[in-house]
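# Structure at a glance
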Amino acid sequence: MSEYKDHIVKSFDDDIENIKQLTTQMATLVEEQFKLLYHVIDTASPATIEDILDNEPRLDQYDAEIRDAVITIITLRAPIAIDLRASLTALRISTDLERLGDYAKSIAMRVAALETIPDTNIKNDILRLLTLVQTQMKDVIDAYLSKDIKKAEIVRKNDLMIDEKYNLVYDVIVDQIKDKVPKLKLLTYTKLLFAIKTLERAGDHICNIAEEIHFIVTGEDISTTKKPSQSIEKSLEGINK
Amino acid sequence: MSEKLKISIKNLNVFYAEKQALFDINLNIMEREVTSLIGPSGCGKSTLLKCLNRMNDLIDICTMDGQVMIDGANINTPDQDPVLLRSKVGMVFQKPNPFPKSIYDNVAYGPRLHGMAQSKDELDSMVIKSLTRAGLYDEVKNRLFEAGTGLSGGQQQRLCIARALAVNPEIILMDEPCSALDPIATAKIEELIEELKRKYTIVIVTHSMQQAARVSDRTAYMHMGELIESGFTKNIFSNPQHQKTQDYITGRIG
């Protein structure tokens with residue numbers, strides 16, 4: 001079913017629209033946080049870190065507003081079918097968004113603590129990984145706004161690109177640690193490992209949102225059923241990293 | 001849920017004079033389950049309900065083709081006695097309609113008509129059993145010989161249910177049984193439906209989506225004389241397959 005007609009009671013539409021607006025605004029702010037993070041990694045600008053910290057309370061506020069709006073709509077409108085799914089998933093999506101915002105902040109803090117990333121190649125690799133995350137973020141917002149399960153599916157599939165890129169950068173950093181890094185720099189590189197792992201997790205949360213979009217539209221829960229197939233070796237490799 | 005077929009409706013068309021009211025309805029109703037018929041006014045759900053105990057026979061201009069089978073037997077064959085059929089398939093209406101008689105006589109009416117009781121004692125026990133099953137006995141046991149019309153709306157509706165139960169039906173049809181009742185009386189009827197389905201097959205027409213969701217095992221959605229979608233209530237209300245069903249249950253402009 002692809003048609004979404006208006007409700008007979010117009011204020012019901014307003015309530016549903018309000019939840020959608022809040023969720024989209026929150027997602028856009030997360031997108032902005034990642035943009036600022038890019039700047040932090042690229043230039044190590046303290047001013048940009050301030051911006052990220054300043055935005056943080058606003059994200060929490062969106063989370064609370066969405067929760068409030070969903071509770072109100074469930075209490076007063078008793079939504080069913082697609083309306084219920086749209087309301088319930090807003091709660092879960094906002095949790096994912098809140099997490100994503102947290103990640104952007106924690107990576108920024110870690111990178112800031114380094115003052116500068118010692119190796120330009122590694123820095124560029126991390127920026128490329130971040131760019132992949134940003135693209136996924138943008139695409140999942142698009143899919144959410146248009147309730148487009150095809151777009152959501154592409155986001156789910158593209159998460160593999162983040163995983164692959166993460167594995168690649170991981171190996172590069174570990175190689176550096178093994179071979180070339182003086183003991184004094186070990187902490188720096190460990191922080192970078194945490195940073196890229198967090199980016200990889202960010203990809204997973206974006207993936208969750210894509211799964212929620214699928215659930216809103218179809219009512220089918222694919223979070224447990226349709227994980228891209230992975231060999232045991234691959235899974236173990238993931239755990240080890 | 002027994003998963004045993006009780007009523008089978010096959011290719012049913014119903015006309016009021018020239019106007020077709022039902023179009024090729026096919027629906028299975030399971031034994032000891034509650035099946036809700038939902039849909040906008042004029043969609044044919046009450047007409048369909050009335051086909052299940054031949055209430056449409058009473059309307060001259062009403063004609064039909066297709067089949068309604070109960071326990072595998074066509075109920076519209078000439079040898080079927082509609083009065084006997086209606087004792088097997090009881091009906092409860094939107095507005096409680098007790099006879100202008102005592103509470104006792106309301107319930108005893110059917111058993112007397114069908115000569116079901118051999119003695120006064122037997123009739124007494126039938127009345128008490130039916131009132132108890134309808135969840136009304138405790139409230140009226142000290143005034144059984146007062147007028148049924150003196151009861152509250154919710155009690156009158158339960159009296160009508162007791163009256164239907166007194167002739168040992170197998171199926172109970174309910175046509176918006178709660179639309180004239182307040183929420184507490186409604187809750188009592190809904191609780192009663194829950195109880196009754198252990199023994200009876202229940203088909204209920206309701207305008208309240210929430211009521212259909214609360215009381216029924218299966219739901220059928222009708223629109224302009226056609227059966228659009230039917231299935232387990234949970235599925236119909238969480239994830240309807242048809243655009244028209246979704247528009248109706250979520251309150252969208254169809």
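My aim in this report is to walk through the structure given alongside it, one point at a time. Keep in mind it's a predicted model, so treat the numbers as computed, not measured. (Residues numbered from 1 in each chain as written. Chains lettered and ligands numbered in written order. Predicted model: local features only at pLDDT ≥ 70, side-chain atom pairs only at ≥ 80, totals over all residues. Heavy atoms only, no water.)

## Describing a negative patch on the surface
All names here are of chain A. Which entries qualify depends on this criterion: Each patch groups residues whose relative accessible area exceeds 30% and which form no salt bridge, using 9 Å between like charges and 5 Å between nonpolar side chains of Val, Leu, Ile, Met, Phe, Trp and Tyr. Accessibility throughout is a Shrake-Rupley quantity obtained with a 1.4 Å probe, and a residue counts as covered only by protein chains that appear here. Only one rule defines a salt bridge in this text: a Lys or Arg side-chain nitrogen within 4 Å of an Asp or Glu carboxyl oxygen. Residues counted as positive are Lys and Arg, residues counted as negative are Asp and Glu, and His and the chain ends are not counted. Charge positions come from single atoms, namely NZ of Lys, CZ of Arg, CG of Asp or CD of Glu. Numbering of helices and strands runs from the N terminus, with a helix taken as a DSSP run of H or I at least four residues long and a strand as a DSSP run of E at least two residues long.
A surface patch of negative charge is lined by Glu32, Glu50, Asp51 and Asp54. Considering every element that reaches the negative patch, the biggest residue donor is helix 2 (residues 46-77), with three residues. Examined against the element boundaries, Asp51 turns out to sit in helix 2.

## A short note on the nonpolar core
Our working definition: The definition of a nonpolar core used throughout is a set of buried Ala, Val, Leu, Ile, Met, Phe, Trp, Tyr and Cys residues joined through side-chain atoms within 4.5 Å. Three labels apply to residues, based on accessible area from a 1.4 Å probe with only protein chains included: buried if under 20% of the type maximum, exposed if over 50%, partly exposed otherwise in between. The contact criterion used throughout is that any non-hydrogen atoms of two residues lie within 4.5 Å.
Formed by 64 residues in total, the largest nonpolar core has its most connected members in Phe34, Leu97, Leu100 and Ile196 of chain A. Mapped onto this core, the elements with two or more residues apiece are helix 1 (10-43), helix 2, helix 3 (81-114), helix 4 (120-146), helix 5 (149-179) and helix 6 (186-218) of chain A. Here the element with the most residues in this core is helix 1 of chain A; it accounts for 13 residues. Apart from residues lying up to four places away in sequence, Leu100 of chain A is in contact with Val30, Phe34, Met137, Ala202, His205, Ile206 and Ile209 of chain A. With 32 residues, the next largest nonpolar core counts Ala108, Ala185, Tyr200 and Ile202 of chain B among its residues.

## Some details on empty space enclosed by the protein
All names here are of chain A. Selection criterion: Only protein atoms enter the 1 Å grid used here. Points where a 1.4 Å probe fits but cannot escape make up a cavity, open sets with protein on both sides within 12 Å along at least five of seven lines make up a pocket, and a residue lines them when an atom lies within 4 Å of a point. Grid points are joined across faces, edges and corners, and a volume is the space filled by probe spheres set on the points. Ten residues, namely Ala, Val, Leu, Ile, Met, Phe, Trp, Tyr, Cys and Pro, are considered nonpolar, four, namely Asp, Glu, Lys and Arg, are considered charged, and the remaining ones, Gly among them, are considered polar.
This structure, assessed with the given rule, holds one cavity of 30 Å³ or more. By volume, the largest cavity amounts to about 60 Å³. Contributing to the lining of the largest cavity are Thr23, Thr24, Ala27, Ile93, Leu97, Met137, Val140, Ile141, Tyr144 and Ile209. Among the elements that take part in the lining of the largest cavity, helix 4 stands out by supplying four residues, more than any other. Partitioning the lining of the largest cavity into residue classes produces eight nonpolar, two polar and no charged.

## Quick look at helix 3 (residues 103-113) of chain B
All names here are of chain B. Residues of helix 3 that are buried include every one of Ile103, Tyr104, Asn106, Val107, Ala108, Gly110 and Pro111, and no others. If you follow the buried residues of helix 3, they end up packed against helix 4 (120-133), helix 5 (137-140) and helix 6 (153-165). Backbone geometry just after helix 3 places Gly115 at a positive phi near 55°.

## A short note on the interface of chain A and chain B
Operational definition: Buried area: the accessible area, evaluated with a 1.4 Å probe, that two parts lose upon being put together, summed over both parts. Pairs of N or O atoms are called polar contacts if they sit within 3.5 Å, as long as, within protein, a hydrogen donor faces a hydrogen acceptor (for residues adjacent in sequence, only side-chain-to-side-chain pairs).
In this assembly, 16 residues from chain A lie in contact with 16 residues from chain B. Note on chain A versus chain B: buried area summed over both sides is about 1,500 Å², and carbon and sulfur give 51% of it. Counting the contacts that link chain A with chain B gives two salt bridges. Here Asp247 of chain B ties to Lys5 of chain A by a salt bridge, and the two come within 2.6 Å at their closest N and O atoms. Our count for the chain A to chain B interface comes out at nine residue pairs in polar contact (both at pLDDT 80 or more). Of all the elements, helix 3 of chain A adds the most residues to the side of chain A that touches chain B, at four residues. Considered class by class, the residues forming the side of chain A that touches chain B number seven nonpolar, four polar and five charged.

## A look at the packing of aromatic side chains
Quick note on the threshold: What counts as a ring pair is set by centres within 6.5 Å for rings of Phe, Tyr and Trp (its six-membered ring), and what kind of pair is set by the plane angle: stacked under 30 degrees, edge-to-face over 60, tilted for all other angles.
In this structure the tally under the stated criterion is four aromatic pairs over all chains. When the centroid spacing of 6.0 Å and the interplanar angle of 50° are considered together, the rings of Tyr166 of chain A and Tyr170 of chain A count as tilted. A residue pair is termed a helical-turn pair when its members lie 3 or 4 positions apart in one helix, as Tyr166 of chain A and Tyr170 of chain A do in helix 5 at four residues. Considered together, Tyr166 of chain A and Tyr170 of chain A belong to a single accessibility category, that of buried residues. Measuring from ring centre to ring centre gives 4.6 Å for Phe99 of chain B and Tyr109 of chain B, while their planes differ by 55°; the resulting arrangement is tilted.

## As for the pattern of salt bridges
Two side chains that carry opposite charge are able to pair once their charged atoms sit near each other. Counting across every chain of the model gives 28 salt bridges over all chains. The residue Lys138 of chain A makes a salt bridge to Asp142 of chain A at a minimum N-O spacing of 3.5 Å. Taken together, the residues Lys138 of chain A and Asp142 of chain A, both in helix 4 and four residues apart, mark about one turn of the helix. Classification of Asp142 of chain A by relative accessible area gives partly exposed; the value is 30%. One salt bridge connects Glu200 of chain A with Lys197 of chain A, and the closest N-O pair in it is separated by 3.1 Å. A residue pair is termed a helical-turn pair when its members lie 3 or 4 positions apart in one helix, as Glu200 of chain A and Lys197 of chain A do in helix 6 at three residues. Put simply, Lys6, Asp71, Lys88 and Glu170 of chain B are held in one network by salt bridges that share partners.

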